[in-house]
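Each chain is listed here by its residues.
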Amino acid sequence: MTEDVLLSIRNLHKSYESGNAILRGIDLDVKRGEVLVLLGPSGCGKSTLLRCINGLERIDGGSIRLDGELISGNPRELPKIRQKLGMVFQSYELFPHMTVLENITLAPIRVQRKGRAEAEREARELLLRVNLSEKEKAYPRMLSGGQKQRVAIVRALAMHPEMMLFDEVTAALDPEMVREVLDVMMELSERGMTMLIVTHELAFARAVADRILFMDQGNIAESGEPEAFFTAPKTERARDFLGNFLFSSKKKGRE
Amino acid sequence: MRASAIELFSLSSLLSLQNTGGRERGIGILFDGNNFERLMGGLFVTIRISLLSAALSLPLGILFGMLMTRRNPLTKALSRIYLDFIRIMPQLVLLFLVYFGTARAFALSLSGELSAVIVFVLWGTAELGDLVRGALVSIPRIQYESAAALGLTPLQTAFFIIIPQTVRRLIPLAINLVTRMVKTSSLVVLIGVVEVLKTGQQIIDANRFRYPTAALPIYGVIFLLYFLVCWPISLFAGCLEKRWRD
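So, here is what we can say about the structure in this document. (Residues numbered from 1 in each chain as written. Chains lettered and ligands numbered in written order. Predicted model: local features only at pLDDT ≥ 70, side-chain atom pairs only at ≥ 80, totals over all residues. Heavy atoms only, no water.)

### Quick notes on the nonpolar core
Residue and element names in this part refer to chain A. Threshold: We define the nonpolar core as a collection of buried residues of types Ala, Val, Leu, Ile, Met, Phe, Trp, Tyr and Cys that are connected through side-chain atoms lying within 4.5 Å of one another. Only protein chains enter the accessibility calculation, which uses a 1.4 Å probe. A residue is then buried if its area is under 20% of the maximum for its type, exposed if over 50%, and partly exposed in between. Numbering goes from the N terminus for both helices and strands, where a helix is a DSSP run of H or I of at least four residues and a strand is a run of E of at least two. Note on contacts: a residue pair is in contact if any heavy atoms of the two residues lie within 4.5 Å.
Membership of the largest hydrophobic core comes to 49 residues, with the highest contact counts inside it found for Leu 39, Ile 153, Met 164, Phe 166, Met 185, Met 195 and Ile 197. Looking at this core, the element that brings in the most residues is helix 6 (residues 175-190), giving seven residues. Filtering out sequence-adjacent residues up to four positions away, Ile 153 remains in contact with Val 88, Met 164, Phe 166, Val 181, Val 184, Met 185 and Leu 188. Leu 36, Leu 50, Leu 66 and Met 215 belong to the second largest nonpolar core, which has 33 residues in total.

Below, the structure is given as structure tokens:
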């Protein structure tokens, strides 16, 4: 069933200039329609892996294939490849000098050469899906964090990507705004979008993921079904990691 | 020009109501002979020096600003020295240096106005360059990345994302620099350029006996002229700033 595999990574290596190896031989297959959540301590290479996939970081070894086509080590083709990979950043990165609608339609019009009317029609449909129809003429500075992040997701979706990459997209949000963003991602996964998600929202990860990847020190230490991972992690490191999120309650009473 | 003439006229009728004594007083001096035309001629010199300097500083400042964002330590050090030198030196010293200094050192006789333009361009390039540098580095790296992630080419990113944001941050500051140039151009009197302020002085001096109290109205009018030149520019800058606030 190899035709099912959308993204295929083999033996991916990445080091920073300082010589620190950040990814040490990652092997990963993502099937079409699959939702993968990457968990792991900070500095384990989760974000770097996402950034390598859409070419924001140069890789030092190995290969990345999308739809069977080699996409790594091919800087001239990057703009074309990136149209198939929607990326959402932690800090939203909307363009501050453009309205919401202009943010969303810029790439469809300029990169994919769509007509303005068609691009705007599609943008409005997407805005409706995330309940932001009335904000199309607003500038990013007028939106809340959660609204900005939903616009950023819509902006990526407007390119009709084959796969979405989410890099800690709720980490900068106030707690009460996290939910509205996660709901949008949940809906996307239900519609069959292929997704690779880096997050620290464990409850969300458990609910949305088809598979959890636990990364540690530049390797995928563990991979499995969410229920199995959260109830009975196989590795010591994963147990430690999950333990970080638990708190034992204060001693009750003073018997 | 016409609008300001009308304003001046109404001002003069206002002041003439208070005319007393034997000698003529007040703003009437403006309409004596060709005084008003002379003042306007002086204003034209002021505007010519400052706008020509601003126009030349614009491309040079943009180049200088881009140069300052380079990582090369030599360009960094040289541009830093240039910027600090220009900032530390009072403009008047620079004017003397160029006007008298070149005459001494290179036996070059530059006209006062040319010297003035050279100094203001040196100054404008330094100041504007620093503004350009600031605007460029203030755009976070990840803005480039998010544009790239959407499939925009580097050229498209520059054109649709980076340059519009840089210009929006830059234009209000650059316009304020122009008004500073207009004001600072009054220093060129001291190297013998007859601009609006000097013309005013000449008019006052030449009419000392007929209009002994001419100083106040003449300088008042000059104040008004500076104001009429700079105020719309400031308003425009403020307006852009408000519209482009992000």
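Moving on, there is more to tell.
### Section: the pattern of salt bridges
Note that side chains of opposite charge can pair when their charged atoms are close. Keep this limit in mind: Any Lys or Arg side-chain nitrogen located within 4 Å of an Asp or Glu carboxyl oxygen qualifies as a salt bridge.
Scanning the entire structure with this criterion turns up 28 salt bridges over all chains. One salt bridge connects A:Arg129 with A:Glu187, and the closest N-O pair in it is separated by 3.5 Å. Residue A:Arg129 is located in helix 4 (residues 116-129), and its partner A:Glu187 is located in helix 6; the two are separated by 58 residues in the primary sequence. Residue class for A:Arg129 comes out partly exposed when judged on its relative accessible area of 31%. Where A:Asp216 meets A:Arg237, a salt bridge forms, and the shortest distance between an N and an O atom there is 2.8 Å. Linking A:Asp216 in strand 9 (residues 211-216) with A:Arg237 in helix 9 (residues 236-243), this pair joins segments that are 21 residues apart in sequence. Taken together, the shared-partner salt bridges in this structure form one network comprising B:Arg87, B:Glu127, B:Asp130, B:Arg133 and B:Arg180.

### Some words on the pairing of strand 3 (residues 35-39) of chain A
Sheet faces and side chains relate simply in a regular strand, where the side chains alternate between the two faces. Residues and elements named next belong to chain A. Here is the rule: In this analysis, strands are considered paired if DSSP registers two or more bridges between them.
Strand 3 sits mainly inside the fold: five of its five residues count as buried. Of the two faces of strand 3, the one lined by Val 35, Val 37 and Leu 39 and the one lined by Leu 36 and Leu 38 are each fully buried. Two elements, strand 3 and strand 8 (residues 194-198), share four bridges in a ladder whose sense is parallel. Within the sheet, the bridge partner assigned to Val 35 lies in strand 8 and is Met 195. In this structure, strand 3 lies alongside strand 9, joined through four bridges in parallel fashion.

### Here we look at the interface of chain A and chain B
Worth spelling out the cut-off: Buried area is calculated as the accessible area (1.4 Å probe) missing from two parts once they are joined, with the contributions of both summed.
Taken together, the contact between chain A and chain B spans 25 residues of the former and 19 residues of the latter. Both faces combined, the contact of chain A with chain B buries some 2000 Å², and carbon together with sulfur accounts for 63% of it. Taken together, the links from chain A to chain B amount to one salt bridge. Salt-bridge contacts for B:Glu145 lead to A:Arg51; the nearest nitrogen and oxygen are separated by 2.7 Å. If you list the elements that add at least two residues to the side of chain A that touches chain B, you get helix 2 (78-82), strand 6 (85-88), helix 3 (100-110) and helix 5 (145-157) of chain A. At three residues, the largest contribution of residues to the side of chain A that touches chain B is made by helix 3 of chain A.

### Quick notes on helix 8 (residues 196-206) of chain B
Residues and elements named next belong to chain B. Quick reminder of the rule: In this description, one arc is meant: the one made by directions from the helix axis to the C-beta atoms. Any pair of N or O atoms that falls within 3.5 Å is considered a polar contact. Within protein, one atom must be able to donate a hydrogen and the other to accept it, and sequence-neighbouring residues count only if both atoms are side-chain atoms.
For helix 8, the complete set of buried residues consists of Val 196, Thr 199, Gly 200, Ile 203 and Ile 204. One face of helix 8 carries all of its buried residues, which in axial projection span an arc of 135°. In the core, the buried residues of helix 8 are packed alongside helix 2 (35-68) and helix 9 (215-244). With a side-chain oxygen lying 3.1 Å from the backbone nitrogen of Leu 197, the N-terminal cap of helix 8 falls on Glu 195.

### Notes on the sheet that holds strand 9 of chain A
Residues and elements named next belong to chain A. Which entries qualify depends on this criterion: To get an axis, fit a line to the C-alpha atoms, keeping to the stretch in contact for a helix; angles then go from 0 to 180 degrees between the N-to-C directions.
Strands sit in the order 6-7-8-3-9-10 across an open sheet of six strands; the sheet is mixed. Each end of this open sheet is capped by a strand with a single partner; those strands are strand 6 and strand 10 (219-224). Across the sheet, the mean angle from the axis of one strand to that of its neighbour is 20°, orientation sign disregarded. Here helix 6 sits on the sheet in contact with strand 3, strand 7 (163-167) and strand 8, set at roughly 150° to strand 8. Along the sheet, helix 9 contacts strand 3, strand 9 and strand 10; its crossing angle with strand 9, the most-contacted strand, is approximately 100°.

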